[in-house]
Amino acid sequence: MTRAPAFIFACHCTDCRQLTAGAFSIGMPVPKEGFAVTAGETRVWTKIADSGKPSHQYWCPICHGWTHTIAELSPGMVIVRATTLDAYEWVRPVAQIFLRSSYPWARLQVPLNYETEFDDTGPLKSAFADSGIRPKIKE
């Protein structure tokens, strides 16, 4: 990742919970030109998202870790999974989505909360800009 994320969010949807074997996933949308797989290869699993559009989930064939997502609903962006970062101490979500399928004990204290998905990224970008979160980017 050579570009800062537009924002950071936690997703509580059933697919994310299954893919992480946890309560939620952490996503960081970055411009496609700011992302590259730097070692090895990835495999892809494609599903139809709640939007009705394909969502491509990429994972490492060695460790089976979920690395990133490319969703046709968000052209030009790659949703990087925070678990792939070497320096992750700065990662902090400003929003959470799909609360309708969350574990009640796993809800986070974040500025923005959505029962399903967000329609407008403006509030998420503003909350991230105002948060003071400063990503560590490899140049």
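Just above sits the structure.
In this report, the structure presented in the accompanying data block is examined. Predicted model, so just to flag it, every value in this text is computed and none were measured.

What follows concerns the side chain of His-68. Along the chain, the position of His-68 falls in strand 5 (residues 66–71). Given a relative accessible area of 4%, His-68 falls into the buried group. A polar contact is formed between the side chain of His-68 and the side chain of Thr-67, at a distance of 2.8 Å.

Buried within helix 2 (residues 122–131) are the following residues: Leu-124, Ala-127 and Phe-128. Each buried residue of helix 2 sits inside an arc of 100° when the element is viewed along its axis, so together they form one side. Exposed residues pointing more than 90 degrees away from the buried face of helix 2 are listed as Ala-129 and Asp-130. Of the surrounding secondary structure, the elements contacted by the buried residues of helix 2 are strand 7 (95–97) and strand 8 (112–113).

Excluding glycine, residues mostly carry a negative phi; peptide bonds, for their part, are mostly trans. Not every positive phi belongs to a glycine, and Ala-21 is a case in point at roughly 55°. Within the chain, His-64 stands out as a residue other than glycine whose phi angle is a positive 65°. Locating His-64 in the fold gives a position in the loop between strand 4 (54–59) and strand 5.

Glancing now at the side chain of Gln-57. Topologically, Gln-57 is positioned in strand 4. In this structure the side chain of Gln-57 is engaged in a polar contact, spanning 2.7 Å, whose partner is the side chain of Thr-69. Apart from residues lying up to four places away in sequence, Gln-57 is in contact with Leu-19, Arg-43, Val-44, Trp-45, Lys-47, Trp-66, His-68 and Thr-69.

A word on the packing of aromatic side chains. Evaluated as defined, the whole model comprises five aromatic pairs. Their ring planes at 50° and their centres at 6.1 Å tell us that Phe-7 and Phe-9 sit as a pair that is tilted. For the pair formed by Phe-7 and Phe-9, the shared burial category is buried. Ring geometry for Phe-9 against Phe-118: centres 6.2 Å apart, planes inclined by 75°, an arrangement best described as edge-to-face. A residue pair is termed long-range when its members are at least 10 positions apart, and Phe-9 in strand 1 (residues 9–11) and Phe-118 in the loop between strand 8 and helix 2 qualify at 109 residues. For the pair Phe-9 and Phe-118, one class covers both residues: buried.

What counts and how
Residues numbered from 1 in each chain as written. Predicted model: local features only at pLDDT ≥ 70, side-chain atom pairs only at ≥ 80, totals over all residues. Heavy atoms only, no water. Helix = DSSP H or I, 4+ residues; strand = E, 2+ residues; numbered from the N terminus. Buried < 20%, exposed > 50% of the residue type's maximum accessible area, 1.4 Å probe, protein only. Polar contact = N/O pair within 3.5 Å; in protein donor to acceptor, adjacent residues only side chain to side chain. Arc of directions from axis to C-beta. Contact = heavy atoms within 4.5 Å. Phe/Tyr/Trp six-rings, centres within 6.5 Å; stacked < 30°, edge-to-face > 60°.

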